[in-house]
Amino acid sequence: MQAALPIILSYIQAESLIKARQQGQTSVEISPDLGLSTVTVLLTPEGTIFPNGQRLDWNSIEKISKSEVNCFIVQDNGVRFVQVFSEYTNRVCSLMPTQGAPSMLIAGFVMHRIKDIDPMQDTLRKIAAISPIKGRVLDTATGLGYTAIEAAKTADEVVTIELDPAVQEIARLNPWSQALFNNPKIHQIMGDACEIVQTFDDDSFSRIIHDPPTFSLAGELYSGAFYRQLFRVLKRGGRLYHYIGDPNSKASGGVTKGALKRLQEAGFTRVARRPEAYGVVAYK
Ligand SMILES: C[S@@+](CC[C@H](N)C(=O)[O-])C[C@H]1O[C@@H](n2cnc3c(N)ncnc32)[C@H](O)[C@@H]1O
């Protein structure tokens, strides 16, 4: 059985706590899981008391309220960042709050779109680009698991691959990623997608979601050799969604052109831009 998640807070909940105190309230409803549910928290002169007995002093709450890029774990009546140093990439990974589902920061790069959109809306656009999602789905880059979790709502099975154990550790602490660990339809594999995909049978997936890091960080995931593997494991009639980035930016525009050409050379019969999903779709 999975252990209960610790309380995870961001500046959004901290600001509600501070406001309630200023208004003289003795209790307030806030979310202990970044907006998924709410609990009633008692307010005392020293700080707050959560229903599970955890206490948090006002200094810690002030500290949380001052950081808009970090989430915090409440544990042993104190707080620490939801942050892990990746031994694998030598980069710091941390959970980043938004008004909706959190994103992840890896060495300063945000994992999802957050400007005028939130990570969950971003995810829904990626999924919509190859809907209906059915059969067996390959998700080449797990991250926080949002695409895998969303695909699993209608797929028979989702196989999702993540290279970095530190990313998985952050996902384990993220309230919005829990289905990754408790939905039996989702099968997680740790390793390099370039190697793992080679081990899959031909024609074994109906849909592929390919949501890699930016080209400059993971060029091999945009290579002709990798696209040929994706083509091989996709069933005839299957569809691939490939995130690339803002089609209006100079950098992503260039990467999109190259990717479309290499996807065609890899054998995909039709490839099309999907600007609303910041990516392209390829059909087999
Ligand atoms: C943009 S994120 C994926 C976001 C994810 N689709 C979601 O919904 O949260 C890209 C992920 O790919 C992982 N990654 C990088 N190189 C990889 C590789 N060669 N194989 C598998 N995963 C890789 C990164 O660690 C990162 O977590």
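Higher on the page you've got the structure.
Position numbers for residues count from 1 along each chain, tracking the sequence in the order it is written. For a predicted model such as this one, the threshold for reporting local features is a pLDDT of at least 70, and the threshold for listing and counting side-chain atom pairs is 80 or more; totals across whole chains, interfaces and linings nevertheless cover every residue. As a rule here, side-chain values come from all non-hydrogen atoms in the structure, and water together with hydrogens is ignored.

Focus: the packing of aromatic side chains
Geometry of aromatic contacts follows a simple scheme: Phe, Tyr and Trp rings, the Trp one being its six-membered ring, pair when their centres are within 6.5 Å, and the pair is stacked under 30 degrees between planes, edge-to-face over 60, tilted otherwise. Tallied over the entire structure, the rule returns five aromatic pairs. When the ring of Phe 231 is compared with that of Phe 268, the centres are 5.1 Å apart and the planes differ by 80°; the resulting orientation is edge-to-face. Here Phe 231 is found in helix α8 (residues 224–233), whereas its partner Phe 268 is found in the loop between α9 (250–266) and β17 (270–274), with 37 residues between them in sequence. Each member of the pair, Phe 231 as well as Phe 268, carries the same accessibility label: buried. Consider the ring centre and the ring normal. A charge sits over the ring if Lys NZ or Arg CZ is within 6 Å of that centre and within 35 degrees of that normal. Just above the ring of Tyr 283 sits the side chain of Arg 270; from NZ or CZ to the centre is 4.2 Å. A cation sits over an aromatic face here: Lys 284 above Phe 231, 4.4 Å from the ring centre. Only DSSP runs of H or I covering at least 4 residues are called helices, and only runs of E covering at least 2 are called strands; the numbering of each starts at the N terminus. In this scheme, a residue with accessible area under 20% of its type's maximum is buried, one over 50% is exposed, and one in between is partly exposed, where area comes from a 1.4 Å probe on protein chains only.

Quick look at helix α2 (residues 58–65)
Listed as buried for α2 are Trp 58, Ser 60, Ile 61, Ile 64 and Ser 65. Taken around the axis of α2, the buried residues stretch over an arc of 155°, which confines them to a single face. Two N or O atoms count as a polar contact when they lie within 3.5 Å, although within protein this holds only if one can serve as hydrogen donor and the other as acceptor, and sequence-adjacent residues are included solely when both atoms are side-chain atoms. The distance from a side-chain oxygen at the start of α2 to the backbone nitrogen of Asn 59 is 3.2 Å, and the residue carrying that oxygen is Asp 57. Comment: arc refers to directions from the helix axis out to C-beta atoms.

Here we look at the packing of α8 against α9
The angle between two axes is taken between their N-to-C directions and runs from 0 to 180 degrees, where each axis is a line fitted to C-alpha atoms and a helix contributes only its stretch in contact. Between α8 and α9, the least distance of the axes is 9 Å, while the angle of their chain directions is 50°. Between α8 and α9, the crossing angle belongs to the class labelled oblique. The crossing of α8 and α9 is right-handed. From α8, Gly 224, Tyr 227, Arg 228 and Phe 231 reach across to α9, where they touch Ala 259, Arg 262, Leu 263 and Ala 266. Angles are sorted into four bins: roughly parallel if under 35 degrees, roughly antiparallel if over 145, roughly perpendicular if 65 to 115, and oblique for all others. The handedness criterion is simple: a crossing whose near helix is rotated anticlockwise from the far helix by less than a right angle is left-handed, and one whose near helix is rotated clockwise is right-handed. Here, two residues are considered to be in contact whenever any of their heavy atoms come within 4.5 Å of each other.

Quick notes on the state of the cysteines
Any cysteine sulfur atom paired with another within 2.5 Å is treated as part of a disulfide. Within this structure, the stated rule accounts for zero disulfides. Free cysteine: Cys 71, not disulfide-bonded; nearest cysteine sulfur from Cys 93 at 14 Å. Exposure remark for Cys 71: the relative accessible area of 0% places this residue in the buried category.

Overview of the pairing of strand β13 (residues 157–162)
In terms of burial, β13 is largely enclosed, as five of its six residues are buried. A pair of strands is treated as paired once DSSP finds two or more bridges between them. Summarising the sheet, strand β12 (residues 136–139) and β13 pair through four bridges and their orientation is parallel. Note on β13: the bridge partner recorded for Val 137 is Val 158. With respect to chirality, the unit in which β12 leads through helix α4 (residues 146–151) into the neighbouring parallel β13 is right-handed. With the strands pointing away from the viewer, any crossover whose connection runs clockwise from the first strand over the helix to the second is right-handed.

Here we look at the site of the ligand
Taken together, 22 residues form the shell around the ligand, and within it His 112, Glu 162, Asp 192, Ala 193 and Asp 211 come nearest. At 2.8 Å, a backbone N or O of Ala 193 approaches a nitrogen atom of the ligand. One of the side-chain N or O atoms of Asp 211 is found 2.8 Å from a nitrogen atom in the ligand. Counting only elements with at least two residues in the shell around the ligand, the list comes to α4 and β13. Note that Gly is not counted as nonpolar here; it falls among the polar residues with everything else outside the nonpolar set of Ala, Val, Leu, Ile, Met, Phe, Trp, Tyr, Cys and Pro and the charged set of Asp, Glu, Lys and Arg. Looking at the shell around the ligand, its residues break down into eleven nonpolar, seven polar and four charged. Near, as used in this document, describes a residue that has one of its heavy atoms within 4 Å of the molecule or strand being considered.

Quick word on the packing of helix α1 (residues 11–22) against α2
Remark: α1 packs on α2, axes separated minimally by 8 Å, with the N-to-C direction vectors making an angle of 130°. Between α1 and α2, the angle falls in the class oblique. Like other packed secondary-structure pairs, α1 and α2 cross with a definite hand, here left-handed. Facing Tyr 11, Ala 14, Glu 15, Leu 17, Ile 18 and Arg 21 of α1, the residues of α2 in contact are Trp 58, Ile 61, Glu 62, Ile 64 and Ser 65.

Looking at the sheet that holds strand β14 (residues 186–190)
If you trace the seven strands from one edge of the open sheet to the other, you get β14-β13-β12-β15-β16-β18-β17, paired in mixed fashion. In this open sheet, the two strands that pair with only one neighbour each are β14 and β17. Neighbouring strand axes in the sheet, compared pairwise and without regard to direction, differ in orientation by 15° on average.

Comments concerning the sheet that holds strand β1 (residues 7–9)
One open sheet holds the three strands; their spatial order is β1-β6-β7, and the pairing between them is antiparallel. Both edges of this open sheet fall to β1 and β7 (78–81), since each of them pairs with a single strand only. When the angles between neighbouring strand axes are averaged without regard to direction, this sheet yields 35°. Summarising the sheet, β1 and strand β6 (residues 72–75) pair through three bridges and their orientation is antiparallel. Bridge assignment links Ile 8 to a residue of β6, and that residue is Ile 73.

Thoughts on the nonpolar core
Among buried residues, the Ala, Val, Leu, Ile, Met, Phe, Trp, Tyr and Cys ones that are joined through side-chain atoms within 4.5 Å form a nonpolar core. Ranked by size, the top nonpolar core spans 39 residues in total, and within it Val 82, Val 158, Ile 170 and Tyr 241 carry the most contacts. Of all the secondary structure elements, the ones that give two or more residues to this core are β9 (91–96), β10 (103–106), α3 (119–128), α4, α5 (165–173), β16 (234–243) and β18 (279–283). At five residues, α5 tops the list of elements feeding residues into this core. Ranked by size, the runner-up nonpolar core spans 31 residues in total, among them Val 159, Ala 193, Ala 259 and Ala 282.

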